[in-house]
Amino acid sequence: MNRLLYATDFHGAQDALEALFQRAKEDKPDLIILGGDLAPMPGQDIDASPAEQREFYLNYFAEILQRWRDSRGCPVWAIPGNDDWASTFESSILNLQDKGLIGSLLHQDVCLGNWVIMGFPWVPVTPFFMSDYDRIDYTGWEPQIYPEWTAFSNKISDSIVQGSWSEFLNRPTIAEELEELTRHTDKSRLVLVAHTPPWGCGLDLMGNGAFVGSEALTQWITRHQPALTLHGHIHEAPWVSGTMTANIDRTLSINPGASCWGLRAVTLESDNSGQWKIVRGID
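Residues numbered from 1 in each chain as written. Predicted model: local features only at pLDDT ≥ 70, side-chain atom pairs only at ≥ 80, totals over all residues. Heavy atoms only, no water.

Undergrad: Is there a simple way to explain the nonpolar core in this structure?
TA: General note: in soluble globular proteins, nonpolar side chains tend to be found buried as a group. Formed by 45 residues in total, the largest nonpolar core has its most connected members in Leu-17, Leu-20, Ile-32, Leu-34 and Phe-61. Of the residues forming this core, the biggest block, 8 residues, is contributed by helix H2 (residues 49-70). Residue contacts for Ile-32: discarding those within four places in its chain leaves Leu-5, Leu-20, Phe-21, Ala-24, Trp-68, Cys-74, Pro-75, Val-76 and Trp-77. Counting 22 residues, the second largest nonpolar core, distinct from the first, contains Tyr-6, Leu-31, Ala-227 and Val-266. (Core = buried A, V, L, I, M, F, W, Y, C linked by side-chain atoms within 4.5 Å. Buried < 20%, exposed > 50% of the residue type's maximum accessible area, 1.4 Å probe, protein only. Helix = DSSP H or I, 4+ residues; strand = E, 2+ residues; numbered from the N terminus. Contact = heavy atoms within 4.5 Å.)

Pasting the structure below:
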């Protein structure tokens, strides 16, 4: 048996993070996986927000991870989300990774038994200004609402710079990123941790009734049929749709909802048949 504990979209909620590691003591997973948007959201001073996120990672989060490692807890792996500045996540998490406290699924895959776990932080362009992990969904795609302005983090100077629509057009699409990431992977043994949910299956349903997930991801799942995909990004989807799971043919897809209002973790196990099942859901 292989066991995972998954949660996402904490946005700096310390009580929920403490509850996550308490639950891990009870559920005894082989891995803890965090699905993005871990650090606090930017406040009114946008230029100060990378430093604020770094303070969270290298102080509070490092301390809780150190306590977890000292208790001989299982490995922790994470991806960024669209509200995580790329410059801050990559430098801070790699710093913590060098100390053996966490692993970045943005920079490497992880094996669990016969499974390969891969991270995919990119989301279809949102109306919000933070844009490091935003992408065009597929060639010719346009967002339902265009962002009024866009901001990118500079990895060299750690500053925030204003962007333009042309920057999105010059980036690979989500469809292209997915194919490149998984090109040499056995999809039947793949667990994909994607911050964006797939489009149209309820995991991406907003309070206004709009589906805002990735159509490219839905098509990719339909075509390749990985056993399990894990998501977040759309905080309210489980409440609006009434479910945190969807079956896309043989693929089990899960968005447990945001943990910024309290922990929403899911514990999963795989068996020898190559299937995953939820063994403990939302408490």
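Undergrad: What am I meant to see in the pattern of salt bridges here?
TA: Side chains that differ in charge, positive against negative, can pair when their charged atoms come close. For the structure on display, the rule yields 11 salt bridges. Residues Asp-283 and Arg-23 are paired through a salt bridge, measuring 3.6 Å at the closest nitrogen-oxygen approach. Of this pair, Asp-283 sits in the segment after strand S16 (276-280) while Arg-23 sits in helix H1 (residues 14-27), and the two are 260 residues apart along the sequence. The network of salt bridges with shared partners includes Arg-23, Glu-26, Asp-27, Arg-280 and Asp-283. (Salt bridge = Lys/Arg side-chain N within 4 Å of Asp/Glu carboxyl O.)

Undergrad: I'm lost on the layout of surface pockets in this one. Help?
TA: Over the atoms rolls a probe the size of a water molecule, and in doing so it shows where empty space is left. Estimates place the volume of the largest pocket at around 620 Å³. Forming the boundary of the largest pocket are 31 residues, of which Thr-126, Pro-127, Phe-128, Met-206 and Val-212 lie nearest the centre. (1 Å grid on protein atoms, 1.4 Å probe; cavity = no way out; pocket = protein on both sides within 12 Å on 5 of 7 lines; lining within 4 Å. Points joined across faces, edges and corners; volume = space filled by probe spheres on them.)

Undergrad: In this structure, what is going on with the sheet that holds strand S3 (residues 76-78)? I would like to understand it.
TA: By way of backbone hydrogen bonds, the strands of a sheet pair with one another, either parallel or antiparallel. The strand order across the open sheet formed by 6 strands is S4-S3-S2-S1-S15-S16, and the pairing between neighbours is mixed. Both edges of this open sheet fall to strand S4 (103-104) and S16, since each of them pairs with a single strand only. Relative to S4, S3 is paired through 2 bridges, and the arrangement is parallel. Bridging from a neighbouring strand, Trp-77 pairs with Gly-103 of S4. (Pairing = 2+ DSSP bridges.)

Undergrad: What exactly am I supposed to notice about the sheet that holds strand S12 (residues 228-230) here?
TA: Across the sheet, 6 strands lie side by side as S5-S6-S11-S12-S14-S13; this open sheet has mixed pairing. The open sheet has two free edges, formed respectively by strand S5 (110-112) and strand S13 (245-248), since each of these has just one partner strand. Taken over all neighbouring pairs, the strand axes of this sheet differ in orientation by 25 degrees on average, direction set aside. The pairing of S13 with strand S14 (residues 251-254) spans 4 bridges and is antiparallel. By the bridge assignment, Ile-248 is partnered in S14 with Thr-251. Helix H5 (residues 174-182) contacts strand S6 (115-120) and strand S11 (190-194) of the sheet and is inclined by roughly 150 degrees relative to S6. (Axes fitted to C-alpha atoms, helices over the stretch in contact; angles between N-to-C directions.)

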